[in-house]
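# Summary of structural features
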Amino acid sequence: MQTKDKASWIRVYEWIRNGIEDGLLAVGDPLPENMLAKETGVSRTPVREALRRLEQDGYVKIIPRKGAFVSDISLEDLKEIYDIRKLLEPFAALSAVNRIPDSVIDEMEKDWKALKKVADIGGDIDLSKVSDMDLAFHMTITKYSTNKRIESIMSTYHTQIRRFQRLAAKSLSNIQDTIGQHLEILAVLRKRDGKLLSDLLYEHITKSEGNIMKDYFVK
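Keep in mind that what you see is a predicted model, and the values were worked out from it rather than measured. (Residues numbered from 1 in each chain as written. Predicted model: local features only at pLDDT ≥ 70, side-chain atom pairs only at ≥ 80, totals over all residues. Heavy atoms only, no water.)

This paragraph deals with the environment of Thr-178. With respect to the helices and strands, Thr-178 occurs in helix H9 (residues 175–191). Beyond its immediate stretch of four places on either side in the chain, Thr-178 contacts Leu-172 and His-204. (Helix = DSSP H or I, 4+ residues; strand = E, 2+ residues; numbered from the N terminus. Contact = heavy atoms within 4.5 Å.)

Here's what the structure looks like:
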């Protein structure tokens, strides 16, 4: 695949993915190749490649002779991804706690404190930014684990976790609460208390799962 073609399918991929994550494309919405090609200014070949990749990552379902559609998120998907997170991330924290540099902790803390200042004055909060900060926060912990297979497993599910993170951000009933959770976790990380960090992470991930359950699966 030539560089130009690769850039084209990535552009289509990101256009569709962002539309799904931002709620502009809803579950079940059709994704006609002609429309996508027109919207993104590319030919249908990179559109097909983007749809194929999006299907692999769980954003799209392709039905033979019918076309591509925004995929649903099942309760089973939610439980399986969060079970993986609740098992692996707290365990990863036990070895990562003494390996994450102070400079990395400082940078994350600065970002969450800046967000808190905006929330304290009732300013507008970009929930997609909150989601991205949250995902980076969790991936940083697994990155510094001594068990590199954990990082590899988490990377495998990165796109699915990203989609759930966006849903969790939209489900936040109290932005101050989630900011407080992250700052508390960072404070414990700074103290290098592995057991407490592991416990707090488990609790934090469980709350995130509960928010999605409440807003998307409990009717």
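Another aspect to go through is the side chain of Arg-162. For Arg-162, the location among the structural elements is in helix H8 (residues 158–170). Relative accessible area serves as the criterion here: at 13%, Arg-162 is assigned to the buried category. A polar contact is formed between the side chain of Arg-162 and the side chain of Glu-21, at a distance of 2.8 Å. (Buried < 20%, exposed > 50% of the residue type's maximum accessible area, 1.4 Å probe, protein only. Polar contact = N/O pair within 3.5 Å; in protein donor to acceptor, adjacent residues only side chain to side chain.)

Below, the discussion takes up the environment of Val-104. With respect to the helices, strands and loops of the structure, Val-104 is situated in helix H5 (residues 102–120). Distance from Val-104 to Asp-134, taken between C-alpha atoms, is 14 Å for residues 30 residues apart in sequence. Setting aside chain neighbours within four positions, we find Val-104 in contact with Thr-140 and Tyr-144.

Residues Trp-112, Phe-137, Leu-186, Leu-189 and Leu-197 are the most contacted members of the largest nonpolar core, which totals 24 residues. Contributing elements (two or more residues each) for this core: helix H4 (75–96), H5, helix H6 (127–143), H9 and helix H10 (194–217). Ranked by residue count, the leading element in this core is H9, at seven residues. Grouped together as the second largest cluster of nonpolar side chains are 18 residues, Val-12, Leu-31, Leu-36 and Ala-50 included. (Core = buried A, V, L, I, M, F, W, Y, C linked by side-chain atoms within 4.5 Å.)

Here the focus is a negative patch on the surface. Taken together, the side chains of Asp-72, Glu-76, Asp-77, Glu-80 and Asp-83 make up a negatively charged region of the molecular surface. Following the sequence through the fold, Glu-80 ends up in helix H4. Exposure remark for Glu-80: the relative accessible area of 44% places this residue in the partly exposed category. (Patch = residues over 30% accessible without salt bridge, like charges linked within 9 Å, V, L, I, M, F, W, Y side chains within 5 Å. Areas by Shrake-Rupley, 256 points an atom, 1.4 Å probe, with all protein chains shown as cover. Salt bridge = Lys/Arg side-chain N within 4 Å of Asp/Glu carboxyl O. Lys, Arg positive; Asp, Glu negative; His and termini not counted. Charge placed at Lys NZ, Arg CZ, Asp CG, Glu CD.)

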